Protein chains: 2
Amino acid sequence: MPTRRIKLVINYDGTDYFGWQRQRRQRTIQQTLEDAITHLCGVPVELFGSSRTDAGVHALGQVAHFDVDTRVPTSNLVKAVNNLLPQDITVVRADEVPPTFDAIKNTKRKLYRYGIYTRPVRPVMDIRYCWHRPGKLNVETMTQCADMLIGTHDFKSFANASDKRASSVRTITKCTVTREENWVLIDVEADGFLYNMVRNIVGTLVEVGRGRWTPSRFADILKARDRSFAGPIAPPSGLCLMRIEY
Amino acid sequence: MPTRRIKLVINYDGTDYFGWQRQRRQRTIQQTLEDAITHLCGVPVELFGSSRTDAGVHALGQVAHFDVDTRVPTSNLVKAVNNLLPQDITVVRADEVPPTFDAIKNTKRKLYRYGIYTRPVRPVMDIRYCWHRPGKLNVETMTQCADMLIGTHDFKSFANASDKRASSVRTITKCTVTREENWVLIDVEADGFLYNMVRNIVGTLVEVGRGRWTPSRFADILKARDRSFAGPIAPPSGLCLMRIEY
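Rules and cut-offs
- Residues numbered from 1 in each chain as written.
- Chains lettered and ligands numbered in written order.
- Predicted model: local features only at pLDDT ≥ 70, side-chain atom pairs only at ≥ 80, totals over all residues.
- Heavy atoms only, no water.
- Salt bridge = Lys/Arg side-chain N within 4 Å of Asp/Glu carboxyl O.
- Helix = DSSP H or I, 4+ residues; strand = E, 2+ residues; numbered from the N terminus.
- Buried < 20%, exposed > 50% of the residue type's maximum accessible area, 1.4 Å probe, protein only.
- Contact = heavy atoms within 4.5 Å.
- Buried area = accessible area lost by both parts, 1.4 Å probe.
- Axes fitted to C-alpha atoms, helices over the stretch in contact; angles between N-to-C directions.
- Parallel < 35°, antiparallel > 145°, perpendicular 65-115°, else oblique.
- Left-handed = near helix turned anticlockwise from the far one by under 90°.
- Nonpolar A, V, L, I, M, F, W, Y, C, P; charged D, E, K, R; others polar.
- Phe/Tyr/Trp six-rings, centres within 6.5 Å; stacked < 30°, edge-to-face > 60°.
- Lys NZ or Arg CZ within 6 Å of the ring centre and 35° of its normal.

**Remarks on the pattern of salt bridges**
Residue and element names in this part refer to chain A.
Right, on to step 1. In total, this model carries 36 salt bridges over all chains according to the counting rule given.
Right, on to step 2. Residues Asp13 and Arg128 are paired through a salt bridge, measuring 3.2 Å at the closest nitrogen-oxygen approach. Separated by 115 residues along the polypeptide, Asp13 in the loop between strand E1 (4-12) and helix H1 (29-41) and Arg128 in the loop between strand E5 (109-117) and strand E6 (131-132) bring together distant segments of the chain.
Right, on to step 3. Given the relative accessible area of 1%, Asp13 is considered buried.
Right, on to step 4. The partner of Arg212 in a salt bridge is Glu207, with the nearest N and O atoms 2.4 Å apart.
Right, on to step 5. In this structure, a network of salt bridges that share partners links the residues Arg109, Glu189, Arg243 and Glu245.

Structure, rendered in C-alpha cells:
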C-alpha cells in the first residue's frame, strides 16, 4: 500500500505536559500522540506539529501531519486514537492530504488567545486556563499598544533571548484586547511567532494596563529590538493556540 | 482569648481529591484545608463541612465552620490560608459567627448544578467539569420529569442503597433542565440531599432524555421508593455544589 499523509487537528489541555515536543525524560503531547498512533498503526510514526507549544500551554486547533502505509481509514482513526489517548488530549479530525502538505511549512496564519482573570477570588475551575492576576487593567491603553503591533515589524524585543532564528520579522494581522466579565482576553494573529512571543507581548501589555508603563514607552520597546526592554513573560497557563490557517 | 467560631465559604475543583471527608490514606478536601488552617493557627482545628461531596465533585460555595482561640483576624485569614492551599482549593471568605451557628445543622437549602456536554468532540478544557455524553437529549421530556420531583417526596429511589438515614423524605424547591449551546444543565435545589441523590436523579433523567424511558415510567420510579428502579448513577465530574443558604 502506498504511503499516505494524514493531517490531524488536535485539542489539548497542556497543564500536565512538558509542552508539545518529544523529550527524553518528560511526558509531552507529541510523544503521547505518537505512542497512541504507533500502537494503532502497528508501525512507528513521527508526528510533525505546526506549533511547538510550551509546557502548560493549551491548544484548540493544533495541526500536525504524519506518514503511514497502513489501512486504517481516517474516519475510524479519530475514534480509535481517542480511545487510546488520555482525557486531556483529543484528535478532532483526521484527513488524508496530498504528500505536498506540510503542517509546519504551509502555515499561513496562527491565532493565539491569552486569558487574564482579574477578580481576586482564585477561579478554581479556570485556574489551569488563565493567568490569575487580580487588579484593574486599563484595556484602552493596552489596545493603543496592541494597535502598534499590527503590521510587519521586527519583534526581537518580544522573542526569548535564546531564539536563534535568522529573522525576527513577522506580520501581525490582528491584536485585540477585550474585557469579558472578569476576564481580559488578548488575541494575537500572525503569519508566525517567535519563541515566547505572545507571552512576552502579554507580559508587556500588562505593564501598560496596570499603569506602570505608558503607550509611548511600549512604542520604544518595540523599536528597541532588545528583549531586555520588554516586560516579564506571562505564565503559560493563560495561553491557548486557537487556530491555524493553511 | 475566648474561642471564636469561624464560618468559611470554600471553592474547589474536586478532580484530584477523594471527596470532602478526611480519610486515612487518601488526599481529601477537608484534610487539605484542616492542615492549612492548623498550620496557620498553630493549634489543631477540626472543620465541619456542610456537604460531604464525593470524590471528583466540585464546589463553588461549600460552607464549613471551625473553632479556634488564636488571634488571626478573619480578613488576614483568607489570604494566609489561600497562600498555603493548592491551586484547586480556595477560601472565598471567612467570617466570625455566633457559637450557635452550625454549618451542617443550620443549612436551609442547597443548590447543585450538573453539566452534561453533548457534542462528540471531547472538551479537553472542560472534561474535568462535565459528563461528556455525546448525543441528543430531549430537554422537554426531561423537564416533565424534573417537574415531578418538585415538592416534598420520599426520594428513596434516588438514594444510594447504602444510605441509612432515618428518613429519605426531602423537599426539592427547584429542578430545571436547560440547554445552553453544547450543554444540558440540570439544577436541583433542596432542603437536603440523600447520598448520591443528584447523580442518581441525573442518571435517570438522561434515560428519559435519550428516549429509552418515558416520563410515566419516571413517575413510577419516584413512587417505587426502591433504588433498583432508577437509572445508572451519573459520573461525579459533572456535579458542582453551587450554593448553601442559611
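**Let's talk about the interface of chain B and chain A**
Right, on to step 1. Of the residues lining the interface, 21 residues belong to chain B; the matching set on chain A comes to 21 residues.
Right, on to step 2. Carbon and sulfur atoms supply 63% of the area that chain B and chain A bury against each other, a total of about 1,800 Å² over both sides.
Right, on to step 3. Summed over the shared surface of chain B and chain A, the number is zero salt bridges.
Right, on to step 4. Broken down by element, the residue count for the side of chain B that touches chain A peaks at three residues, all from strand E4 (residues 89-97) of chain B.

**Focus: the packing of helix H4 (residues 197-209) of chain B against helix H5 (residues 215-224) of chain B**
All names here are of chain B.
Right, on to step 1. Where H4 contacts H5, the axes come no closer than 9 Å and their chain directions differ by 155°. With respect to H5, the axis of H4 lies roughly antiparallel. The chirality of how H4 crosses H5 is right-handed. Facing H4, whose interface residues are Thr204, Leu205 and Val208, H5 presents Pro215, Phe218 and Ile221.
Right, on to step 2. When grouped by side-chain class, the residues that make up the contact of H4 with H5 number five nonpolar, one polar and no charged.

**Quick notes on the packing of aromatic side chains**
Right, on to step 1. One pass over the full model with this rule turns up 12 aromatic pairs over all chains.
Right, on to step 2. Each ring, one from B:Tyr112 and one from B:Phe193, has its centre 5.0 Å from the other, and the planes form 85°; the classification is edge-to-face. Within this pair, whereas B:Tyr112 is found in strand E5 (residues 109-117), its partner B:Phe193 is found in the loop between strand E9 (183-190) and H4, the two being separated by 81 residues in sequence. Neither B:Tyr112 nor B:Phe193 differs from the other in exposure class; each is buried.
Right, on to step 3. One cation-aromatic arrangement involves A:Arg217 over A:Trp213; the distance from NZ or CZ to the ring centre is 4.0 Å.

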